[in-house]
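# Remarks on the overall topology
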Amino acid sequence: MGRAAEAAPDTDRRREQRGWYFYDFACSVYSTTVLTVFLGPYLTAIAKDAADADGFVHPLGVPVRAGSLFAYAVSASVILAVILMPMVGAAADRTGRKKPLLAAAAYTGAAATTGMFFLDGHRYLLGAVLLIVANASLSVSMVLYNAYLPQIAGPEERDQVSSRGWAFGYTAGASVLVLNLILYSGHDSFGLSEGAAVRICLASAGLWWGAFTLVPLRTLRDRGVPAGHTPAEGRVGAGWRQLISTLRDMRARPLTLAFLFAYLIYNDGVQTVISQASLYGSEELGLGQNTLIVAVLLVQVLAVAGALGMGRLAQAYGAKRTIMGSLAVWAVILGTGFFLPAHSPVLFFLLAGAIGTVLGGSQALSRSLFSHLVPSGKEAEYFSAYEMSDRGLSWLGPLVFGLAYQLTGSYRDAIISLVLFFGVGFVLLARVPVRAAIEAAGNPVPARI
């Protein structure tokens, strides 16, 4: 692209950007309703009902403690995604056909999520398989979705476009979660059992995902293979050879790799806070389920304003400085959480609000900043590596959190241990010469970066 976004007519580019926002709007409901709120407790309950006297289920003859099934299924989905993401990214860049691959990944995930309606009785194995398929499909689709960003937005507008995408996603997540919680909390008045209400909530996320994916599929367009790039050979093994070539190519761009490494560290901290905050609230602070759900909603709502607000800050101060500022705020949040008194829902809501304010912006600006470091014609390949950092390699934070709790017996010590990730990430990001990295990738340098 030299870059394609700059050559496209303004009206066509704006239309593609609006359509692009809607994939975040479509798939974020899965992350909020399914992963964050409903599926973990429900799948665990099904597995416990099916367990033997010792508390074990036996998928494919392997003894698994029922309470661990959800975590193991998530881990399996990450492994599958790590295998698939680089392959799909390489295939997309070799053929120039991102949209059919995006459609395949999105509708595979949406179908698996909709199929969760049938998780009743003792169907824990079906639930685990559907979770693995849906989670891996989401990761693959995000590689392709993110790879459109440098094609539909010029260098000067990329921070704002990326932030709007995140804002669309958080808006959808909060809106559907409110509707699902109304259904769940009032299931008796709707003539539904608790289990039936949960299954409807799970399936609704899949239907939403599939329905709103139609919007980006109608508006985004494929641009073909850039001049000088060899088209896909169509032979078995071509994807592996392309993946090896991509890894070699990334080694030749050490500044891009330096940013990826910094992102891996601080994003690991972000993901761990997201996944462990409810546990911290319930086990250490003694807060009830309703309080935790309201806190999740608060994070979703404020993340919209946070993403848009930090996008404006990036226009004034540059994406790198704004991200570094957000990492400092993350460290303050963890420090505050360490001293938060138990049984104080109002203070917990304030902390959740602070998380929401920096959550969307730090993620959105990291995505847009990385898009400047990707060489033309290799967007999907490079974003597969980015997505692996985002989803596939976020294991160190939970490990540190778990070890800190195991050694000290305190979730407060566990939560404060995560400050390390934001501190190290801040230092590593500060050391990346972003302008030089953009120039090394062959891209124009924005006035503010």
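Residues numbered from 1 in each chain as written. Predicted model: local features only at pLDDT ≥ 70, side-chain atom pairs only at ≥ 80, totals over all residues. Heavy atoms only, no water.

### As for the confidence of the model for the protein chain
- The predicted model of the protein chain averages 85 in pLDDT, with 90% of residues at 70 or higher.
- Across the protein chain, element-level confidence peaks in helix α4 (residues 98-114) with a mean pLDDT of 97 and bottoms out in helix α1 (residues 4-7) with 48.
- Every residue in residues 231-236 is under pLDDT 50, and counting partners more than four places away or in other chains gives eight contacts. (pLDDT = per-residue confidence, 0-100. Helix = DSSP H or I, 4+ residues; strand = E, 2+ residues; numbered from the N terminus. Contact = heavy atoms within 4.5 Å.)

### Examining the nonpolar core
- Of all hydrophobic cores here, the largest spans 131 residues; its most connected members are Trp20, Tyr23, Leu39, Trp209, Phe259 and Trp330.
- For this core, the element with the most residues is helix α2 (residues 10-50), which contributes 16 residues. (Core = buried A, V, L, I, M, F, W, Y, C linked by side-chain atoms within 4.5 Å. Buried < 20%, exposed > 50% of the residue type's maximum accessible area, 1.4 Å probe, protein only.)

### A few points about the environment of Gly325
- The residue Gly325 is located in helix α12 (residues 319-339) in this model.
- Residue class for Gly325 comes out partly exposed when judged on its relative accessible area of 34%.
- Measuring from C-alpha to C-alpha, the distance between Gly325 and Val358 comes to 9.4 Å, with 33 residues separating the pair along the chain.

### Overview of the packing of aromatic side chains
- All told, the structure shown has 20 aromatic pairs when counted by the stated rule.
- Aromatic pair Tyr263 and Tyr266: ring centres 5.6 Å apart, planes at 90°, arrangement edge-to-face. Linking Tyr263 with Tyr266, this pair stays in helix α10 (residues 254-284), spanning three residues, or about one helical turn. The two residues Tyr263 and Tyr266 agree in class, both being buried.
- Geometrically, the ring pair formed by Phe338 and Phe339 is edge-to-face, given 5.0 Å between the ring centres and 90° between the ring planes.
- Given the relative accessible area of 23%, Phe338 is considered partly exposed.
- Relative accessible area serves as the criterion here: at 65%, Phe339 is assigned to the exposed category. (Phe/Tyr/Trp six-rings, centres within 6.5 Å; stacked < 30°, edge-to-face > 60°.)

### Observations regarding the side chain of His372
- Mapped onto the elements of the fold, His372 is located in the loop between α13 (345-371) and α14 (379-392).
- The exposure class assigned to His372 is buried, which follows from its relative accessible area of 1%.
- When residues no more than four places from it in sequence are discounted, the contact partners of His372 are Pro155, Arg158, Ile438, Ala441, Asn443, Pro446 and Ile449.

### Re the side chain of Thr33
- Of note, Thr33 is situated in helix α2.
- Residue Thr33 is classed as buried on the basis of its relative accessible area, which comes to 0%.
- There is a polar contact of 3.3 Å between the side chain of Thr33 and the side chain of Asn180.
- In contact with Thr33, not counting residues within four places along its chain, are Phe38, Val176, Leu177, Asn180, Cys201 and Ala205. (Polar contact = N/O pair within 3.5 Å; in protein donor to acceptor, adjacent residues only side chain to side chain.)

### Looking at unusual backbone geometry
- For Leu60, which is not glycine, the phi dihedral falls at a positive 55°.
- Inspection of the secondary structure puts Leu60 in the loop between β1 (56-57) and β2 (64-65).
- On the accessibility criterion, Leu60 (79% relative accessible area) is exposed.
- The phi torsion at His343 lies on the positive side, around 55°, for a residue other than glycine.
- Tracing the backbone through its elements, the reader meets His343 in the loop between α12 and α13.

### A closer look at the packing of α2 against helix α7 (residues 158-185)
- Remark: α2 packs on α7, axes separated minimally by 7 Å, with the N-to-C direction vectors making an angle of 40°. The pairing of α2 with α7 is recorded here as oblique in orientation. Every pair of crossing elements has a handedness; the one defined by α2 and α7 is right-handed.
- Split by residue class, the contact of α2 with α7 holds 15 nonpolar, nine polar and two charged. (Axes fitted to C-alpha atoms, helices over the stretch in contact; angles between N-to-C directions. Parallel < 35°, antiparallel > 145°, perpendicular 65-115°, else oblique. Left-handed = near helix turned anticlockwise from the far one by under 90°. Nonpolar A, V, L, I, M, F, W, Y, C, P; charged D, E, K, R; others polar.)

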